[in-house]
Amino acid sequence: MRRSSKAHWNGDLSTGHGELTTDSLVLNKTRYSFNTRFADGIGTNPEELLAAAHAGCFTMALSYALSQAGLKVADLDTTAVVIADMSKSSITDIELTLDASPIEGLSEEGFLEYAIGAKQNCLLSKALAGVVISLQVNYKDLHQHIDGNAKSVDHVS
């Protein structure tokens, strides 16, 4: 499988502007600029697109794993927040927050295992292995935070 997108930029960083286009045309000459990245402006930016891609990848990986186990998946809502340290020119953290509808026959502990597996196995999580990725899971009465640096899980109410 190959997927591609195109970026066009005109001008210098602070006054220039660009457009992003995907092969599917979901983005079609979508504006991006210094203001959409570092201030307020109409358009998008690379970090926002990365957050959307990671949220989508993680959620699909979780849905796939649950479906493969024969479970009937309802609503899975994921928010991804990309945290960039521009002084170091690096993305330091990604915070995933998952809110899920109850699934018949699946306990909180069981769901948590699937969510952690999806976080570890989603293609974008793997590609971003150098970035700290945390996960907040809200499922039934479970409100669990998995620190991206932690090896074990601690319960958060």
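For the structure given in this document, a descriptive report is provided here. (Residues numbered from 1 in each chain as written. Predicted model: local features only at pLDDT ≥ 70, side-chain atom pairs only at ≥ 80, totals over all residues. Heavy atoms only, no water.)

**Here's the deal with the packing of aromatic side chains**
Consideration 1: Summed over the entire model, instances satisfying the criterion amount to 3 aromatic pairs.
Consideration 2: Ring geometry for F34 and F38: centres 4.8 Å apart, planes at 45°, overall tilted. Here F34 and its partner F38 are both found in helix α1 (residues 34-38), 4 residues apart, which amounts to about one turn of the helix. (Phe/Tyr/Trp six-rings, centres within 6.5 Å; stacked < 30°, edge-to-face > 60°. Helix = DSSP H or I, 4+ residues; strand = E, 2+ residues; numbered from the N terminus.)

**Notes on the layout of surface pockets**
Consideration 1: Its boundaries defined by the atoms lining it, the largest pocket holds a volume of some 570 Å³.
Consideration 2: If you go around the largest pocket, you meet 14 residues; those closest to its centre are R3, S4, S5, T22 and A53.
Consideration 3: At 3 residues, helix α2 (residues 46-68) tops the list of elements feeding residues into the lining of the largest pocket.
Consideration 4: When the residues that make up the lining of the largest pocket are grouped by side-chain class, the tally is 7 nonpolar, 4 polar and 3 charged. (1 Å grid on protein atoms, 1.4 Å probe; cavity = no way out; pocket = protein on both sides within 12 Å on 5 of 7 lines; lining within 4 Å. Points joined across faces, edges and corners; volume = space filled by probe spheres on them. Nonpolar A, V, L, I, M, F, W, Y, C, P; charged D, E, K, R; others polar.)

**Describing α2**
Consideration 1: Over its 23 residues, α2 runs 33 Å from end to end, which matches the ideal 33 Å to within 8%, given 1.5 Å per residue.
Consideration 2: Elements that come into contact with the buried residues of α2 comprise α1, β4 (76-85), β5 (90-100), α3 (108-121), α4 (123-127) and β6 (132-139).
Consideration 3: Looking one or two places after α2, you find G70, whose phi comes out positive at around 80°. (Expected span 1.5 Å × (residues − 1). Contact = heavy atoms within 4.5 Å.)

**Observations concerning the pairing of strand β2 (residues 17-22)**
Consideration 1: With 6 bridges connecting them, strand β1 (residues 5-10) and β2 associate as antiparallel partners. Each bridged residue has a counterpart across the sheet, and for S5 the counterpart in β2 is T22.
Consideration 2: The hairpin turn running from β1 into β2, its antiparallel successor, is 6 residues long, and G11 in that turn takes a positive phi close to 105°.
Consideration 3: In this sheet, strand β3 (residues 30-33) lies alongside β2 in antiparallel orientation, the contact comprising 4 bridges. Residue pairing for β3: H17 is matched across the bridge by S33. (Pairing = 2+ DSSP bridges.)

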